[in-house]
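Coordinate inspection notes
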Amino acid sequence: MTDLQMSLIGIAGVFVAGVFTYNKIQEYKAKKSVERAFSTDHDDVLMRTGDTPPASGARHEPTRQEPSFSLDSAAPGVAGGEASAAASALGAVAAEFETDADPTAPPAAPRANSVTPAAEQATALVDPLIDCLLPLALEGAARGDKLLPVLQTLRMVGNKPVHYIGLAVSGDWEPIVHGGVYTKLQGGVQLASRSTALNELEYSELVTRLRAMADEIGAEPEIPDMIEVMAEARNLHRFVAGHDAQLGVNLQTNGAPWAISTLLGALEKQGFDVRPDGRYVMPDGEGGHLFSLSTNVTLAEETTPRLTLLLDVPCVAPARDGFGAMVACAKSLVGRLDATIVDDYNQPLSDTALSEIAGQVQDFYAEMNDADIPAGSIRALRLFS
């Protein structure tokens, strides 16, 4: 055997050994990745109440309450909706993150007496009460200019938004912006919306896309346990479904049906705006609206005998007194349009009946407050969108 043949055999042996070693390394990395993905050390922040951790294996069950916007037999058929509650399922969650004690812990929601504007924005974007937290450990400090284009590729999963914040070199968590420099990232996918809870398919898609995105920015994601996340999502959606209340009062004409064309003038004088989609809304003075109005007919109709004013109860802060403003508007329109305030069965609604409903609305607001999801707050607006 010649020297050339011996050399080729030696080279081939080295090559085979290298391929074998490389495959073993990749196999080890894959194994560790799977172990991380299905680890069970995720902290169930949604179900934690106060500072006392739950007993091992115990699960906090919601206490259901049944506030209602319908009246008793003295005034049957009042227009409105039931709002069955699961307020205690969420409780007053103390989601404080101890980043000094544990460098891998998620970002802290600052205490009320030390909230900075940037920290407040960060907590609104990635909220431990309504989001599944997704810590991302960076290999080194990274600029927002580099991170933002990559993060934009994962902003929605199904109909659930995904947001990100970063730990700035100043030591504060803040929304990621151009020009900022960040040493850690924190993602959050909303656990529930008005329509659905985050489901297994959406979560699996999230994990796959999150890992690909993390590789692109040089980060290592910490993936929460799917079973725990699904339980949190269902509990939160149960609360949302139980408090998805829309409350209406109707105006019935005392004479001939109103012409839609003449209604426009009366509604504009009353302060209503006409939105591009054809909805009539009463502005709240800050870009939102207090309540809306429906003509109860299609765009092709020229007249209507009935108008309905509708309050989206969890989306209006108690301080704005959305129900009181809606009733006051209805009473004003009674004079302008020669109408009567009625329920869904055309029974007149007395001031006493309306006062009873107003009291039930206040009870409803108290339940949302107890669940740390105040009506009209950023948290509530995200959930009831």
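Residues numbered from 1 in each chain as written. Predicted model: local features only at pLDDT ≥ 70, side-chain atom pairs only at ≥ 80, totals over all residues. Heavy atoms only, no water.

Concerning the overall build of the protein chain
Along the backbone of the protein chain there are 9 helices and 14 strands. Residue burial in the protein chain is summarised as follows: out of 385 residues, 44% are buried. For the protein chain, long-range pairs separated by at least 24 residues make up 71% of all intrachain contacts whose partners lie at least 6 apart in sequence. In the form shown here, the protein chain has an accessible surface area of approximately 19700 Å², with 56% of it arising from carbon and sulfur atoms. (Helix = DSSP H or I, 4+ residues; strand = E, 2+ residues; numbered from the N terminus. Buried < 20%, exposed > 50% of the residue type's maximum accessible area, 1.4 Å probe, protein only. Contact = heavy atoms within 4.5 Å. Areas by Shrake-Rupley, 256 points an atom, 1.4 Å probe, with all protein chains shown as cover.)

Focus on the environment of Met156
With respect to the element layout, Met156 can be found in strand 2 (residues 156–157). With residues up to four places along the chain from it excluded, the contact list for Met156 reads Pro161, Val162 and Arg209.

A closer look at the environment of Ile217
Structurally, the position occupied by Ile217 is in helix 4 (residues 200–217). Separated by 69 residues in sequence, Ile217 and Leu148 have C-alpha atoms that sit 9.9 Å apart. For Ile217, the residues in contact, after removing those within four places along its chain, are Leu138, Lys146, Leu147, Val150, Leu151 and Leu185.

Here's the deal with the environment of Phe384
With respect to the element layout, Phe384 can be found in the segment after helix 9 (378–383). Classification of Phe384 as buried rests on a relative accessible area of 2%. Residues Phe384 and Ala245, 139 residues apart in the sequence, show an inter-C-alpha distance of 9.9 Å. Beyond its immediate sequence surroundings of up to four residues, Phe384 is in contact with Arg194, Val240, His243, Asp244, Pro314, Cys315 and Met368.

Considerations on the packing of aromatic side chains
Per the stated rule, a full pass over the model turns up 2 aromatic pairs. Aromatic side chains Phe272 and Phe291 sit 5.9 Å apart centroid to centroid with 75° between the ring planes, which places their arrangement in the edge-to-face category. Remark: Phe291 occurs in strand 11 (residues 289–294) and Phe272 occurs in the loop between helix 6 (260–270) and strand 9 (273–274); sequence separation between them is 19 residues. Between Phe364 and Tyr365 the ring centres are 6.3 Å apart and the planes differ by 65°, which places this aromatic pair in the edge-to-face class. The exposure class assigned to Tyr365 is buried, which follows from its relative accessible area of 5%. (Phe/Tyr/Trp six-rings, centres within 6.5 Å; stacked < 30°, edge-to-face > 60°.)

Topic: the side chain of Thr304
The residue Thr304 is located in strand 12 (residues 303–304) in this model. With a relative accessible area of 1%, Thr304 lands in the buried category. Polar contacts involving the side chain of Thr304 include one to the main-chain carbonyl oxygen of Arg306, which spans 3.0 Å. Beyond its immediate stretch of four places on either side in the chain, Thr304 contacts Pro257, Trp258, Ile260, Leu263, Thr295 and Val297. (Polar contact = N/O pair within 3.5 Å; in protein donor to acceptor, adjacent residues only side chain to side chain.)

Regarding the packing of helix 4 against helix 5 (residues 226–242)
Orientation of helix 4 relative to helix 5, taken along the N-to-C sense of each, is 130°, at an axis distance of 11 Å. As far as their axial angle goes, helix 5 and helix 4 are oblique. The chirality of how helix 4 crosses helix 5 is right-handed. Contacts between helix 4 and helix 5 involve Glu200, Tyr203 and Ser204 on the former and, on the latter, Met226, Val229, Met230 and Arg234. (Axes fitted to C-alpha atoms, helices over the stretch in contact; angles between N-to-C directions. Parallel < 35°, antiparallel > 145°, perpendicular 65-115°, else oblique. Left-handed = near helix turned anticlockwise from the far one by under 90°.)

Section: the pairing of strand 7 (residues 246–253)
The element strand 7 is largely enclosed, with a buried count of 6 among its 8 residues. Both strand 7 and strand 13 (residues 306–312) contribute to a ladder of 7 bridges, which runs antiparallel. Across the sheet, Gly248 pairs through a bridge with Leu310, a residue of strand 13. The sheet contact formed by strand 7 and strand 14 (residues 339–342) spans 4 bridges and is antiparallel. Across the sheet, residue Gln252 finds its bridge partner in strand 14, namely Thr340. (Pairing = 2+ DSSP bridges.)

Details of helix 4
Turn by turn, an α-helix covers 3.6 residues, leaving residues three or four places apart pointing in a common direction. Taking 1.5 Å of rise per residue, 18 residues should cover 26 Å, and helix 4 covers 26 Å from first to last C-alpha, within 8% of that figure. Sitting at the head of helix 4, Asn199 places a side-chain oxygen 3.1 Å from the backbone nitrogen of Leu201. One or two positions beyond helix 4, positive phi appears at Gly218, with a value near 70°. (Expected span 1.5 Å × (residues − 1).)

Quick look at the pattern of salt bridges
When charged atoms on two side chains of opposite charge get close, those side chains can pair. Scanning the model with the defined rule gives 9 salt bridges in all. Between Glu286 and Arg320 there is a salt bridge, with the nearest N and O atoms lying 3.0 Å from each other. Here Glu286 is found in the loop between strand 10 (280–283) and strand 11, whereas its partner Arg320 is found in the loop between strand 13 and helix 7 (322–337), with 34 residues between them in sequence. Exposure remark for Glu286: the relative accessible area of 66% places this residue in the exposed category. Judged by relative accessible area, Arg320 falls into the partly exposed class, the value being 32%. Here the salt bridges share partners, and the residues they tie into one network are Asp127, Asp372 and Arg379. (Salt bridge = Lys/Arg side-chain N within 4 Å of Asp/Glu carboxyl O.)

Considering the confidence of the model for the protein chain
Keep in mind that low pLDDT regions are not for reading the predicted coordinates in detail. Chain-level statistics for the protein chain give a pLDDT mean of 79 and a share of 71% at 70 or above. Here residues 30–113 is modelled with pLDDT under 50, and outside its nearest four sequence neighbours on either side it reaches 162 contacts, counting other chains as well. (pLDDT = per-residue confidence, 0-100.)

What to know about the packing of helix 6 against helix 7
What describes two packed helices is the angle between their axes and the distance between those same axes. Direction vectors running N to C along helix 6 and helix 7 enclose 140°, while the axes themselves pass 11 Å from each other. Comparing the axis directions of helix 6 and helix 7 gives the class oblique. Along this stretch, helix 6 crosses helix 7, giving a crossing that reads as right-handed. Judged by residue contacts, Leu263, Ala266, Leu267, Lys269 and Gln270 of helix 6 engage Cys329, Ser332, Leu333, Arg336 and Leu337 from helix 7.

Comments concerning the pairing of strand 1 (residues 131–143)
Looking down a regular strand, the side chains alternate between one sheet face and the other. Judged from the 9 bridges that link them, strand 1 and strand 5 (residues 181–190) form a sheet pairing that is antiparallel. What sits directly across from Leu133, in strand 5, is Gly188. With 3 bridges joining them, strand 1 and strand 6 (residues 219–221) adopt antiparallel strand pairing. Each residue of the ladder has a partner; that of Leu136, found in strand 6, is Pro221.

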